[in-house]
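One letter stands for each residue in the lines below.
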There are 2 protein chains.
Amino acid sequence: MGTRGLTKEKIVAEAVAYIEHTGQPTISLHELARRLNVKPPSLYNHIQNTKELQYAVFQYAIDHLVAHQKNAVEQLKGDEAVRAFSIAYLAFAAAHKGLYRLIMTMPSEQDEQAKELALPLLELVVDLLSSYGLCADDIAHWQRVLRAILHGFLSQEDLGYFYYYNSIDLEKSRELAVQCFLDGLHTFLNHTVKAEQE
Amino acid sequence: MGTRGLTKEKIVAEAVAYIEHTGQPTISLHELARRLNVKPPSLYNHIQNTKELQYAVFQYAIDHLVAHQKNAVEQLKGDEAVRAFSIAYLAFAAAHKGLYRLIMTMPSEQDEQAKELALPLLELVVDLLSSYGLCADDIAHWQRVLRAILHGFLSQEDLGYFYYYNSIDLEKSRELAVQCFLDGLHTFLNHTVKAEQE
DNA sequence: TTGATAAACTAATGCTATTAGTTTCATAAT
DNA sequence: ATTATGAAACTAATAGCATTAGTTTATCAA
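Cut-offs and rules
- Here the residue numbering is sequential within each chain, running from 1 through the sequence in written order.
- Here every chain gets a letter starting at A, and every ligand a number starting at 1, in the order they are written.
- This being a predicted model, a pLDDT of at least 70 is required before a residue's local features are given, and a value of 80 or more before pairs of side-chain atoms are given or counted; all residues contribute to the totals for chains, interfaces and linings.
- Only heavy atoms go into the side-chain values, all of them from the structure, while hydrogens and water stay out.
- Helix and strand labels come from DSSP, where a helix needs a run of H or I of at least four residues and a strand needs a run of E of at least two; each type is numbered from the N terminus.
- Note on classification: 1.4 Å probe, protein chains only; a residue is buried when its accessible area is under 20% of the maximum for its type, exposed when over 50%, partly exposed between these limits.
- The contact rule is simple, with two residues in contact once any of their heavy atoms fall within 4.5 Å.
- Throughout, the Shrake-Rupley method with a 1.4 Å probe supplies accessible areas, and for residues the shown protein chains are the sole cover considered.
- Positive charges come from Lys and Arg, negative ones from Asp and Glu, while His and the chain ends are left out of the count.
- For this purpose, a charge sits on NZ of Lys, CZ of Arg, CG of Asp or CD of Glu.
- As used here, buried area is the combined drop in accessible area, with a 1.4 Å probe, of two parts when they are placed together.
- What makes a salt bridge here is a side-chain nitrogen of Lys or Arg within 4 Å of a carboxyl oxygen of Asp or Glu, nothing more.
- Each residue is tested against the molecule or strand, and it is near if at least one of its non-hydrogen atoms lies within 4 Å.
- For the purposes of these results, a polar contact is taken to be a pair of N or O atoms within 3.5 Å, where, inside protein, one atom must be able to donate a hydrogen and its partner to accept one; residues adjacent in sequence count only when each atom of the pair is a side-chain atom.
- The residue classification treats Ala, Val, Leu, Ile, Met, Phe, Trp, Tyr, Cys and Pro as nonpolar and Asp, Glu, Lys and Arg as charged. All others, Gly included, are polar.

Structural notes on the overall build of chain A
For chain A, the helix and strand inventory stands at nine helices and zero strands. Reading chain A from its N end, one meets helices and strands in the order α-α-α-α-α-α-α-α-α. With the C-alpha coordinates of chain A rotated into their principal frame, the extents come out at 75 × 40 × 30 Å. Looking at chain A as a whole, 52% of its 198 residues are labelled buried. Looking at chain A alone, contacts between residues at least 24 apart form 67% of all its contacts between residues at least 6 apart. Of the roughly 9,700 Å² of accessible surface on chain A, 51% is carried by carbon and sulfur atoms. Positive and negative charge centroids in chain A, built from 18 and 25 side chains respectively, lie 9 Å apart.

A look at the interface of chain B and chain A
Listed as interface residues are 54 residues of chain B and, on the opposing side, 54 residues of chain A. Together, the buried faces of chain B and chain A total about 4,700 Å²; carbon and sulfur atoms form 62% of this surface. When residues of chain B are sorted by the area they lose upon contact with chain A, Arg-144, Tyr-161 and Tyr-164 of chain B head the list and together hold 17% of the total. On the surface where chain B and chain A come into contact, there are two salt bridges. Notably, a salt bridge pairs Lys-172 of chain A with Asp-138 of chain B, separated by 3.8 Å at the nearest N-O pair.

As for the protein's contact with DNA strand D
Around DNA strand D sit 20 residues in total, of which Tyr-44 of chain A together with Arg-4, Ser-42, Asn-45 and His-46 of chain B are the nearest. The contact atoms of DNA strand D, taken as those within 4 Å of the protein, divide so that sugar and phosphate hold 76%. A distance of 2.8 Å separates a phosphate oxygen of DNA strand D from a polar side-chain atom of Tyr-44 of chain A. Split by residue class, the surface near DNA strand D holds eight nonpolar, ten polar and two charged.

This is the structure in structure tokens:
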């Protein structure tokens, strides 16, 4: 009993390890305590509640996703950057199922704190689209579209909605989805340019 | 005590009413029993477990969404149909937050039963894209893309990921997303036609 | 050596779902 | 009319979850 070198960092690390291993986005305090050789209430000496733990893991997930994405688009611009970003994004979700599931279930409309934590991801996509010469508003719009496509694809996949037509190549669908975004963006840019010339 | 005219239908109806009212995708048996003036274990005379209840509500949600969508695209074809479908889809999610949340959290990769129930929705989108002259495989791909965009948009919105740049018109983003899909599809069709002519 | 503090503990509460075993009521058969 | 059966309610109990209150222990500084 007494002091055992438990810290918030170790708790979060163990939670992350579990989530990475199982693919589930959460872990119960019971299971977490068991793995740390401690009784559940002891965890409350280091964390406020499960919410705070979730925030910490969410933070970790976002940080890693953002680092992963930054690395993927380094030195790239335009379509090439968008393509690299998309491929990396989808790959991250596949490699870290539990973490991505957390990212895609965690925040809620009212939860300001969680949304703050997710800001870096948004900024990254804004940067990604900055080389197309769009105005700030349009960057905001297209940022939403790109994220909707990528996230929507992953979400449907995860939910099993793409299970039907199983035989049909998922990889090709993904490429088409990304190409669709680029073609849609190009068409928009052409129209915008034309409109400005008149 | 004794018999009170409780049925599975009434239970499901009450669960649906709660979900529609609160916007939450689930209801606890405790709350459900309370609303039906019954003790929680009594519900087990009519349902197997919460899973079965969820299936029933999910079924209801899918049926209504499909009916709503069928009605929206009646008589329409091509881009007009896609646009009407998209607008109606997004409107349904807004009007039935709880039901759509259930649709977007319920099935899981391993749950064959839930995925069966969702099939009509898939078929609807396949029909929607049937007038473009795509081959079966390409319909399957583009069906995925359209659903990814619509669902991804709703999901991000619901999660609060579009909260930033709050001032920027959500409605316009939605229109851009749908237009993006159509432009992407048109570009794809042009390329396909060209390839066939060579 | 002592005393304060941090960090563990036990015990208990209250929320879930669920099961076992019991009672009651309505209906069908005598 | 009476009785018996089965459906549908009940009570009581179990088990898993988060959480709180109150208690003990170990470490570290005075």
